[in-house]
Structure formats: structure tokens, C-alpha cells
Amino acid sequence: MPPASDEVDAATWQRLHEAACEAMEAAYAPYSHFRVGAAALVDDGRLVSGCNVENAGYGVTLCAECGLVSDLVRGGGGRIVAFACVDGDRKPCAPCGRCRQLLFEHSTPRTLLAMPSGIMTMDEVLPGGFGRGDLESVTGADPA
């Protein structure tokens, strides 16, 4: 059983950093040359990861977090407990706005993210996030 988000230890953060660095090495970034890798611990103990994949039509470039969430869903889903993202220099990298929303959908408010300024919760990274509950409150239906 993986640790709760408030119990993530230094060894787990190191594993996440290494997995994110490994993913970053596989990034496809021929246009920006800004390679990104991401890794997360899932509530069932799995590690998932992803890298950015650019496209000549810049707007359809896939961020590393997109690959990570695809890996999460493909592997059976679950909730992200802890998340790390690195740039080409192997330093922590902040998710863009779109990716914060994507991570929010697959996390909990207490999910921990390794940001350039230190460890933050999902609530701190995306305060007032828009999610399933917002859709259900308007439509009355479960969007799943």
C-alpha cells in the first residue's frame, strides 16, 4: 500500500525524480528543445510516467503530464498521491495551466506536487479547481 500524500518520504521523492528524468530522456522535442518528463505515485502503489511529444502544429503538442495521465488510465486508473516533473536540466518544472487541470482530475486536494519552489498540495497549485462536482451540480448527472 502506498503512503498517504502527507507521508511521502524522501526515498519516494527520489524514485519519482529518477522516473521523471528517465521519461524526460525519451521526450520528442525537435522544435522547442524543451524536454520534459513527469512521474507520479498512484494510490495503488504504481509509478506512472510520461514525456512531452511535440508536433509541428505547436498547439497539438502533448505535454509530459498528458502522457502520464494516459499511462495512469491505461493501467487501471486511480488517484495520484505524489507528482514530480523535470525539465531537460533534471530540475523541477511546474505544470502549465492545462496540465494542472488535467492532474486535478486524477488527484485529490491533498496530492503533493514537487514544484520549483518546493512541495505543494494540489489545492495550492490549482486553487478553486473545476472538476466533476461542478458538472454534476449543474447537470444533475454523473459525467462518467
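Above this text is the structure in question.
Residues numbered from 1 in each chain as written. Predicted model: local features only at pLDDT ≥ 70, side-chain atom pairs only at ≥ 80, totals over all residues. Heavy atoms only, no water.

Caption draft 1: Layout of the sheet that holds strand 5 (residues 118-121). Taken in spatial order, the five strands line up as 2-1-3-4-5 in an open sheet, and their pairing is mixed. The open sheet has two edge strands with one neighbour each: strand 2 (47-51) and strand 5. Pairwise comparison of adjacent strand axes, ignoring direction, gives a mean angle of 20 degrees for this sheet. As judged from the five bridges shared by strand 1 (residues 37-42) and strand 2, these two strands associate in the antiparallel manner. In the strand pairing of strand 2, Ala-40 is matched with Val-48. (Pairing = 2+ DSSP bridges. Helix = DSSP H or I, 4+ residues; strand = E, 2+ residues; numbered from the N terminus. Axes fitted to C-alpha atoms, helices over the stretch in contact; angles between N-to-C directions.)

Caption draft 2: Structural detail: the pattern of salt bridges. Applying the stated criterion across every chain yields a total of four salt bridges. One salt bridge connects Glu-25 with Arg-35, and the closest N-O pair in it is separated by 3.7 Å. In this pair, Glu-25 is assigned in helix 1 (residues 10-25) and Arg-35 in the loop between helix 1 and strand 1, connecting sequence segments ten residues apart. Linking Asp-71 and Arg-74 is a salt bridge whose minimum nitrogen-to-oxygen distance equals 2.7 Å. With Asp-71 and Arg-74 both in helix 2 (residues 64-74) and three residues apart, the pair spans about one turn of that helix. Because the salt bridges share partners, they merge into one network encompassing Glu-25, Arg-35 and Arg-90. (Salt bridge = Lys/Arg side-chain N within 4 Å of Asp/Glu carboxyl O.)

Caption draft 3: Expanded view of helix 1. Taking 1.5 Å per residue as the helical rise, helix 1 with its 16 residues ought to reach 22 Å, and the 23 Å between its terminal C-alpha atoms agrees with that figure. Among all positions in helix 1, only Thr-12, Trp-13, Leu-16, Ala-19, Ala-20, Cys-21, Ala-23 and Met-24 are buried. In this structure, the buried side of helix 1 is in contact with strand 1, strand 2, strand 3 (80-86), strand 4 (112-115) and strand 5. (Expected span 1.5 Å × (residues − 1). Buried < 20%, exposed > 50% of the residue type's maximum accessible area, 1.4 Å probe, protein only. Contact = heavy atoms within 4.5 Å.)

Caption draft 4: Representation of the nonpolar core in the model. Ranked by size, the top nonpolar core spans 20 residues in total, and within it Leu-68, Ile-80, Phe-83, Leu-103 and Leu-113 carry the most contacts. Listing elements by their share of this core, those giving two or more residues are strand 1, helix 2, strand 3, helix 3 (97-105), strand 4 and helix 4 (122-125). The dominant element in this core, judged by the number of residues it contributes, is helix 2, at four residues. Ignoring any residue separated from it by four or fewer positions in sequence, one finds Ile-80 in contact with Ala-40, Leu-41, Val-42, Leu-68, Leu-72, Leu-103, His-106, Ser-107, Thr-108 and Thr-111. (Core = buried A, V, L, I, M, F, W, Y, C linked by side-chain atoms within 4.5 Å.)

Caption draft 5: Molecular detail of the environment of Gly-97. As for its position among the elements, Gly-97 is in helix 3. Sequence separation of Gly-97 and Met-115 is 18 residues, and the distance between their C-alpha atoms is 13 Å.

Caption draft 6: Spatial organisation of the packing of aromatic side chains. Overall, the coordinates contain one aromatic pair when judged by the stated rule. Geometrically, the ring pair formed by Tyr-31 and Tyr-58 is edge-to-face, given 5.9 Å between the ring centres and 85 degrees between the ring planes. Separated by 27 residues along the polypeptide, Tyr-31 in the loop between helix 1 and strand 1 and Tyr-58 in the loop between strand 2 and helix 2 bring together distant segments of the chain. Among the residues examined, Tyr-58 registers a relative accessible area of 57% and is labelled exposed. (Phe/Tyr/Trp six-rings, centres within 6.5 Å; stacked < 30°, edge-to-face > 60°.)

Caption draft 7: Focus on helix 2. Of all the positions in helix 2, only Ala-64, Glu-65, Cys-66, Leu-68, Val-69, Asp-71 and Leu-72 are classed as buried. Buried residues in helix 2 make contact with strand 1, strand 2, strand 3 and helix 3. Count one or two residues on from helix 2 and you reach Gly-76, which has phi positive near 120 degrees.

Caption draft 8: Expanded view of the environment of Thr-111. For Thr-111, the position within the fold is in the loop between helix 3 and strand 4. The class for Thr-111 is buried, based on a relative accessible area of 1%. A C-alpha to C-alpha distance of 10.0 Å links Thr-111 and Val-42, two positions 69 residues apart in sequence. At a separation of 2.6 Å, a polar atom in the side chain of Thr-111 contacts the main-chain carbonyl oxygen of Ile-80. Side-chain polar atoms of Thr-111 contact the backbone nitrogen of Thr-108, separated by 2.9 Å. (Polar contact = N/O pair within 3.5 Å; in protein donor to acceptor, adjacent residues only side chain to side chain.)

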